[in-house]
Amino acid sequence: MARWLRIDAPPSMTCEVIKPDLPATPAAKTPTMSTPAPVTVIDHPLVQHKLTLMRQKDLSTSSFRRLLHEISMLMAYEVTRNMATTLIDIETPLETMRSPVIEGRKTVFVVVMRAGAGFLDGMLEVVPGARVGHVGLYRDPKSLVAVEYYFKMPGEMHERDAIVLDPMLATGNSAVAAVDRLKETRPKTIRFVSLVSAPEGIANLQKHHPDVPIYTAAIDRELNDHGYIVPGLGDAGDRIYGTK
Ligand code: URA
């Protein structure tokens, strides 16, 4: 049975891509320094179709925002695939049974501001009980280094599964900084979700946090000299909020 979906990735990048409709292998669940956690490309046709629309430069702000909302719901479906469930006793109209439920409150969506906020509402529609944390980072335009200006997480992080939301995994500097800070709160698990990723960003995040699985809808060709993903979709924050 084919377990891996192949993608074109530069040889320098360690990148295992799991076909999303198959369970993760035990090896993927326990990454080592030489085998980082997997990168899952969510290649569902609905996700790919919506991303194609979003990439187009003449799309209106309202359409971009609506599509991001829709795509984040679809991605949430894959990202939460391995979520723990517990059995509860319920009564159907015919008899009692034990049936699985997820503990949504144990999930915390960690928004990397500001573009990550555009990803949040769709995720919350799928997991309404989730808590939300925020990390405020900006990219120094010259050095491209991430600078933190805000950090707020819910309590009892040691009981929670954290899902970090940032639509663009570009240099990976913000992602690394966000996960660095998040790890100080000791969540049970951490996953990283981006819409579009650059190979450089994936390599950077995997180098610093090999234990964090990455979920993305696309791995694009490269970064340009300004740190933008190409072909990409431009500045996600500007396109969500109409600030260009
Ligand atoms: N941030 C964005 O919004 N877009 C990019 O291409 C890179 C970083």
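Note that the structure is a prediction, hence the values are computed from the model and not measured.

Caption draft 1: Summary view of the overall build of the protein. The helix and strand inventory of the protein stands at seven helices and twelve strands. The proportion of buried residues among the 244 residues of the protein is 36%. Counted over contacts in the protein with a minimum sequence separation of 6, partners at least 24 positions apart contribute 61%.

Caption draft 2: Structural detail: the packing of helix α5 (residues 173–184) against helix α6 (residues 199–208). The contact between α5 and α6 brings their axes to 8 Å, and the two run at 25 degrees. Classified by the angle between their axes, α5 and α6 sit roughly parallel to one another. The crossing of α5 and α6 is right-handed. Mapping the contact onto sequence places Asn173, Ala175 and Val176 in α5 and Gly201, Asn204, Leu205 and His208 in α6. Class assignment for the residues of the contact of α5 with α6 results in three nonpolar, four polar and no charged.

Caption draft 3: A look at the packing of helix α3 (residues 61–79) against helix α4 (residues 117–126). The contact between α3 and α4 brings their axes to 7 Å, and the two run at 45 degrees. Between α3 and α4, the angle is such that the two are oblique. Regarding α3 and α4, the two cross each other, and that crossing is right-handed. Where α3 approaches α4, its residues Arg65, Leu68, His69, Glu70, Ser72, Met73, Ala76 and Tyr77 are matched on the opposing element by Gly118, Phe119, Asp121, Gly122, Met123, Glu125 and Val126. For the contact of α3 with α4, the per-class residue count stands at seven nonpolar, four polar and four charged.

Caption draft 4: Inspection of the environment of Val126 at higher detail. Tracing the sequence through the fold places Val126 in helix α4. By C-beta crowding, Val126 is classed as partly exposed, having 16 other C-beta atoms within 10 Å. Measuring from C-alpha to C-alpha, the distance between Val126 and Ala76 comes to 6.9 Å, with 50 residues separating the pair along the chain. The contact partners of Val126, leaving out residues within four places of it in the chain, are Met73, Ala76 and Tyr77.

Caption draft 5: Quick look at unusual backbone geometry. A cis amide bond, omega 0 degrees, links Met113 with the succeeding residue Arg114. Examined against the element boundaries, Arg114 turns out to sit in the loop between β4 (107–113) and α4. In this model, Val230 is joined to Pro231 through a cis peptide bond whose omega is 0 degrees. With respect to the helices and strands, the residue Pro231 is situated in the loop between β12 (229–230) and α7 (236–241). Despite not being glycine, Glu156 has its phi angle at roughly 50 degrees, a positive value.

Caption draft 6: A look at the confidence of the model for the protein. With 86% of its residues at a pLDDT of at least 70, the protein reaches an overall mean of 86. Across residues 1–30 the pLDDT falls below 50, and counting only partners more than four positions away or on other chains, this stretch makes 46 contacts in the model.

Caption draft 7: Representation of the nonpolar core within the structure. With 55 residues, the main nonpolar core has Met75, Val110, Val164, Leu165 and Ala178 as its most contacted residues. At six residues, the largest contribution of residues to this core is made by α3. Contact partners of Ala178, with chain neighbours within four places excluded, come to Val110, Val112, Val135, Leu137 and Val164.

Calculation rules
- Residues numbered from 1 in each chain as written.
- Predicted model: local features only at pLDDT ≥ 70, side-chain atom pairs only at ≥ 80, totals over all residues.
- Helix = DSSP H or I, 4+ residues; strand = E, 2+ residues; numbered from the N terminus.
- Buried ≥ 20, exposed ≤ 12 C-beta atoms within 10 Å, placed from the backbone.
- Contact = placed C-beta atoms within 7 Å.
- Axes fitted to C-alpha atoms, helices over the stretch in contact; angles between N-to-C directions.
- Parallel < 35°, antiparallel > 145°, perpendicular 65-115°, else oblique.
- Left-handed = near helix turned anticlockwise from the far one by under 90°.
- Nonpolar A, V, L, I, M, F, W, Y, C, P; charged D, E, K, R; others polar.
- pLDDT = per-residue confidence, 0-100.
- Core = buried A, V, L, I, M, F, W, Y, C linked by C-beta atoms within 7 Å.

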